[in-house]
Amino acid sequence: MLGIQSIASYLPKDSVDNMHQADRLGADRDFVQHKIGVSTLPRAEEHDSVVSMCVAAFKQLCKKESVDLNEIECVVLCTQNPDGGGLPHNSALIHAELGLSEECACFDIGLGCSGYVYGLSVIQSFMSVNGMKKGLFFTCDPYSKILNHDDKNTCLLFGDAASVTLISDTPCYILEKAQFSTKGSASDALVKNDGILEMNGRAVFNFALQEVPKQITSILNKAELCIEDIDVFLLHQGSRFMLENIIKRTKISEEKTPINLLQTGNTVSSSIPLLLESELSNHSNRILMSGFGVGLSWATAIYRLVK
Amino acid sequence: MNREDAVKIVMQTLEKNVDGLEMAEEKMKESLSDLGVDSLDVMLIIMDVAEASGVNIGDDQAEELDTPEKIVDFITK
């Protein structure tokens, strides 16, 4: 059975002080720190790229795990802001940088904040059906490349990061249940126009608060589990205010639902793996992950500890 | 929906979502920002009012609703 063996991440060394940004944009500091919930935003430096940040995350992984490059049979990257516009697919460039075997499948997935939950399922399914045993799933979506730095809606919110998840046949967590949803008719709430991100904050907020609690309840019902059976809820770190209200509406425990975006901001498809990386060592029995955003797309999965 | 029910929904929603706010009839015409409602609170309040009243409030319409009184007027139209 394939599943998650390990996770590592990379945050660029450069960062933006969100309090300075708040002053520059005439936003209230208290609002930015306590309602949006972000004081520092990691920012890709000029020499950083999607590929270099993914490679940096992989180097972190190698500090935790003994990874035999010859055993990696699959590389999947989730991004919507790839280097070179995505041609060639950046997973192939990562493949080259890591010096992986030619007997290795590589492809990119274009999803935003639901991308981690989707991507995990995609890579595990692909590997399983093709008899593969070791694979790498990367996330890296540097929104700083597409931000309007005068747009309070977005530039106070998004940070850059990369993650890599080692999928293997010796996992510590395996997938128990997943559910995926899309509302394409509302996709104009989050778009890239002329290379710049535009977000209808109200539409995204309403979507998240109305749909995510429903999907969490639905997947628990389908898995014949109750809220108490879940030890940790890892929700996409959209903003503190959004998370606090999803928690209230879903009636899940605040203690079981970490909010941790003060030093990272919303890192798109990397937000859940950043949380999961620190959660893995706690050996919680069941972890629920839920990602939601661009598309509009939302996905929830329950993973179970392998004992 | 009658006005009395609408006022009750709007007042209760405001009090539930804004720390320390105690609503009264004389505050109905004050601006939401003067009542301590920030831009994120507004989104939550409009959504909660829409759900409680069963009245759909579109994005463009919501932008115009900057006092409790205007919200009441909208959901009783």
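It should be emphasised that the depicted structure is a prediction, and the values quoted were computed from it without experimental measurement.

A. How the structure looks around the overall build of chain B. Assigned secondary structure in chain B consists of 4 helices and 0 strands. Traced from its N-terminal end to its C-terminal end, chain B shows the element sequence α-α-α-α. Intrachain contacts of chain B at a sequence separation of at least 6 include 57% that bridge at least 24 residues. In the form shown here, chain B has an accessible surface area of approximately 4,200 Å², with 43% of it arising from carbon and sulfur atoms. Taking the average place of the 7 positive charges on the side chains of chain B and the average place of its 20 negative ones, the gap between the two points comes to 6 Å.

B. Quick peek at the pattern of salt bridges. Residues and elements named next belong to chain A. By the definition in use, this model includes 19 salt bridges over all chains. Close ionic contact of Arg-24 with Asp-150 constitutes a salt bridge, the shortest N to O distance being 3.1 Å. You can see Arg-24 sitting in helix α1 (residues 18-25) and its partner Asp-150 sitting in the loop between β6 (134-140) and α6 (152-155), a full 126 residues away along the chain. Judged by its relative accessible area of 57%, Asp-150 falls in the exposed class.

C. The arrangement of the interface of chain A and chain B in detail. Of the residues lining the interface, 14 residues belong to chain A; the matching set on chain B comes to 14 residues. Taken together, the two surfaces of chain A and chain B that pack against each other cover about 1,200 Å², and 56% of this comes from carbon and sulfur. It is A:Arg202, A:Phe241 and A:Arg249 that lose the most area in chain A upon contact with chain B, and together they represent 48% of the buried surface on that side. Where chain A packs against chain B, one counts 5 salt bridges. Among the salt bridges present, the one from A:Lys35 reaches B:Asp41, with a minimum N-O distance of 2.8 Å. Put simply, chain A and chain B have 6 residue pairs in polar contact (both at pLDDT 80 or more) between them.

D. Highlighting the packing of helix α1 (residues 3-17) of chain B against helix α4 (residues 68-76) of chain B. Residue and element names in this part refer to chain B. Running from N to C, α1 and α4 point in directions that differ by 135 degrees, and their axes come no closer than 9 Å. Considering their axes alone, α1 and α4 lie oblique with respect to each other. Where α1 crosses over α4, the handedness of that crossing is right-handed. Counted together, Arg-3, Ala-6, Val-7, Val-10 and Leu-14 of α1 and Pro-68, Glu-69, Ile-71, Val-72, Asp-73, Ile-75 and Thr-76 of α4 form the full contact between these two elements. For the contact of α1 with α4, the residue count by class is 8 nonpolar, 1 polar and 3 charged.

E. Highlighting the layout of surface pockets. Approximately 560 Å³ is the volume found for the largest pocket. Taken together, 28 residues form the lining of the largest pocket, with A:Asn153, A:Met199, A:Gly201, B:Leu40 and B:Met43 sitting closest to its centre. Of all the elements in the fold, those that place two or more residues in the lining of the largest pocket are α2 (29-36), α6, α7 (201-222) and β12 (286-293) of chain A together with α2 (39-53) of chain B. The element best represented in the lining of the largest pocket is α7(A), accounting for 5 residues. Taken together, the residues of the lining of the largest pocket sort by class into 16 nonpolar, 8 polar and 4 charged. Roughly 320 Å³ of internal volume is contained in the second largest pocket. Lining the second largest pocket are 16 residues, with A:Asn206, A:Phe207, A:Gln210, B:Asn56 and B:Ile57 sitting closest to its centre. Among the elements of the structure, α7 of chain A together with α2 of chain B are those that each provide at least two residues to the lining of the second largest pocket. At 5 residues, the largest contribution of residues to the lining of the second largest pocket is made by α7(A).

Analysis parameters
- Residues numbered from 1 in each chain as written.
- Chains lettered and ligands numbered in written order.
- Predicted model: local features only at pLDDT ≥ 70, side-chain atom pairs only at ≥ 80, totals over all residues.
- Heavy atoms only, no water.
- Helix = DSSP H or I, 4+ residues; strand = E, 2+ residues; numbered from the N terminus.
- Contact = heavy atoms within 4.5 Å.
- Areas by Shrake-Rupley, 256 points an atom, 1.4 Å probe, with all protein chains shown as cover.
- Lys, Arg positive; Asp, Glu negative; His and termini not counted.
- Charge placed at Lys NZ, Arg CZ, Asp CG, Glu CD.
- Salt bridge = Lys/Arg side-chain N within 4 Å of Asp/Glu carboxyl O.
- Buried < 20%, exposed > 50% of the residue type's maximum accessible area, 1.4 Å probe, protein only.
- Buried area = accessible area lost by both parts, 1.4 Å probe.
- Polar contact = N/O pair within 3.5 Å; in protein donor to acceptor, adjacent residues only side chain to side chain.
- Axes fitted to C-alpha atoms, helices over the stretch in contact; angles between N-to-C directions.
- Parallel < 35°, antiparallel > 145°, perpendicular 65-115°, else oblique.
- Left-handed = near helix turned anticlockwise from the far one by under 90°.
- Nonpolar A, V, L, I, M, F, W, Y, C, P; charged D, E, K, R; others polar.
- 1 Å grid on protein atoms, 1.4 Å probe; cavity = no way out; pocket = protein on both sides within 12 Å on 5 of 7 lines; lining within 4 Å.
- Points joined across faces, edges and corners; volume = space filled by probe spheres on them.

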